[in-house]
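Listed here are the chains, written in short residue letters.
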Amino acid sequence: MLPEQAQPDEHLPADLRYSRYEWQGETLVLKGGLHSCYFVDATLMINADGSVAPCSFDAQGLLTLGDANTQSVAAIWQGQPLRELRHKLQQERQTLSPCNKCSVGSQLFL
């Protein structure tokens, strides 16, 4: 669920106590804030074009970590882009898209 969608309210539960998101002014934000992401320590996603993303939540490839057509998965896993992403997620996750909208590691619901 992205705030950029035309009508995000139609995707939120009728009873907002069960929503992972809440409105803060004009911005839709995750309830309970953002916590650590365990996906970057366990997964990679190789797209059809060979680009590698940290996880399936980055379906648009905003955080490309490498190219499986020209690099081994081991090289990508141990590479500088993924190391930097792991560090940024610890220090400044709220600035990283799509990570700042992802519910992984968040407080869910109530």
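Just above, that's the structure.
Residues numbered from 1 in each chain as written. Predicted model: local features only at pLDDT ≥ 70, side-chain atom pairs only at ≥ 80, totals over all residues. Heavy atoms only, no water.

Draft legend 1. Here's a closer look at helix H2 (residues 80-92). Helix length check: H2, at 13 residues, gives a terminal C-alpha distance of 17 Å against a target of 18 Å (1.5 Å per residue), a fit within 8%. Contact partners of the buried residues in H2: helix H1 (73-77). (Helix = DSSP H or I, 4+ residues; strand = E, 2+ residues; numbered from the N terminus. Expected span 1.5 Å × (residues − 1). Contact = heavy atoms within 4.5 Å.)

Draft legend 2. Structural detail: the packing of aromatic side chains. Under the definition given, this model contains two aromatic pairs. An angle of 75 degrees between the planes, with centres 5.1 Å apart, marks the rings of Tyr-38 and Phe-39 as edge-to-face. Taking 5.7 Å as the distance between ring centres and 35 degrees as the angle between the ring planes, the aromatic pair formed by Phe-39 and Phe-57 counts as tilted. Of this pair, Phe-39 sits in the loop between strand S2 (27-30) and strand S3 (45-46) while Phe-57 sits in the loop between strand S4 (51-53) and strand S5 (66-67), and the two are 18 residues apart along the sequence. (Phe/Tyr/Trp six-rings, centres within 6.5 Å; stacked < 30°, edge-to-face > 60°.)

Draft legend 3. Local environment of the pattern of salt bridges. According to the stated counting rule, one finds one salt bridge in the structure shown. When the shortest N-O distance is used, the salt bridge between Asp-41 and Arg-86 registers 3.3 Å. With Asp-41 in the loop between S2 and S3 and Arg-86 in helix H2, this pair connects stretches of sequence that are 45 residues apart. (Salt bridge = Lys/Arg side-chain N within 4 Å of Asp/Glu carboxyl O.)

Draft legend 4. Inspection of unusual backbone geometry at higher detail. Each neighbour pair has its own omega, and for Ser-97 with Pro-98 the value is 10 degrees, a cis peptide bond. Within the fold, Pro-98 resides in the segment after H2.

Draft legend 5. Molecular detail of the sheet that holds S4. Overall, antiparallel pairing links the three strands, which are arranged S3-S4-S5 in an open sheet. In the strand order of this sheet, the two ends are held by S3 and S5, each with one partner. Where S3 and S4 come together, two bridges link them in antiparallel fashion. Residue Met-45 lies in a different strand from S4, and its bridge partner there is Ala-53. (Pairing = 2+ DSSP bridges.)

Draft legend 6. Local environment of the environment of Trp-77. Topologically, Trp-77 is positioned in helix H1. Taking the C-alpha atoms as reference points, Trp-77 and Asp-41, separated by 36 residues in sequence, lie 9.2 Å from one another. Excluding its chain neighbours within four sequence positions, the residues that come into contact with Trp-77 are Val-40, Asp-41, Ala-42, Thr-43, Leu-44, Leu-82 and Arg-86.

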